[in-house]
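What the coordinates show
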Amino acid sequence: METPDSALSRAPAAYACLIVRKPAEEAFRAFADPAVTSRFWYTKSSGPMVAGAELRWEWETYGASAEVRVKEVQEDRLIRFEWGNYGQPTTVELRFTPQAAGATFVEVTETGFEGSGDDALRWVNDAVGGFATALCAMKALLEHGIELGAVSDHHPV
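In short, a report on the structure. The structure presented is a predicted model; accordingly, all values stated were derived computationally and were not measured.

1. Side note on the pattern of salt bridges
- Per the counting criterion, the structure on display carries 10 salt bridges.
- Note that Asp33 is salt-bridged to Arg29, the shortest N-O span being 3.1 Å.
- Judged by relative accessible area, Asp33 falls into the partly exposed class, the value being 21%.
- Within the structure, one salt-bridge network assembled from shared partners comprises Glu72, Arg80, Glu93 and Arg95.

Here it is in structure tokens:
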């Protein structure tokens, strides 16, 4: 019996999305301003997400950190950055698209995963789960003022 070709035809991308019922300015600020982001995603940042910034983010619960290079910012619309996820740089794009009734469609796409198909798929799976968790935690914070602690509970230590 022949086994199907398990080689990837193109590099995989991680994608997560969610509607948050707040204006694009608020959803954008949630990721651009570490005073807000640290309430639902990482615990510390060396600065805000502005074009050209080189930042360090920390997740104290896990003893983890990431070096972040902000490549592009379009106020209330887009943040693009690179980080050293899994020891290899990948690119993350956050898009904020206004919707009816003051809501915003937030999309996260991460690209640049390399390595074997198994490794790349594991990294994509981890990224999708992590970003989906962060988006849900951001939604709870912005819409209801609730700090879920979802990111720190995502992989209990």
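2. Considering the packing of helix 1 (residues 24–32) against helix 3 (residues 117–144)
- The geometry of helix 1 relative to helix 3 is characterised by a closest axis approach of 11 Å and an angle of 120° between their N-to-C directions. The angle between helix 1 and helix 3 falls in the class oblique. You can see that helix 1 and helix 3 cross each other, and the crossing is right-handed. Residues Glu26, Ala27, Ala30 and Phe31 of helix 1 form the contact with helix 3, whose own contacting residues are Leu135, Met138 and Leu142.
- Residues of the contact of helix 1 with helix 3, tallied by class, amount to 6 nonpolar, no polar and 1 charged.

3. A few points about the side chain of Thr133
- Assignment of secondary structure puts Thr133 in helix 3.
- Residue Thr133 is classed as buried on the basis of its relative accessible area, which comes to 15%.
- With residues near it in sequence (within four places) discarded, Thr133 still touches Ala150, Val151 and His154.

Thresholds, definitions, all that
- Residues numbered from 1 in each chain as written.
- Predicted model: local features only at pLDDT ≥ 70, side-chain atom pairs only at ≥ 80, totals over all residues.
- Heavy atoms only, no water.
- Salt bridge = Lys/Arg side-chain N within 4 Å of Asp/Glu carboxyl O.
- Buried < 20%, exposed > 50% of the residue type's maximum accessible area, 1.4 Å probe, protein only.
- Axes fitted to C-alpha atoms, helices over the stretch in contact; angles between N-to-C directions.
- Helix = DSSP H or I, 4+ residues; strand = E, 2+ residues; numbered from the N terminus.
- Parallel < 35°, antiparallel > 145°, perpendicular 65-115°, else oblique.
- Left-handed = near helix turned anticlockwise from the far one by under 90°.
- Contact = heavy atoms within 4.5 Å.
- Nonpolar A, V, L, I, M, F, W, Y, C, P; charged D, E, K, R; others polar.

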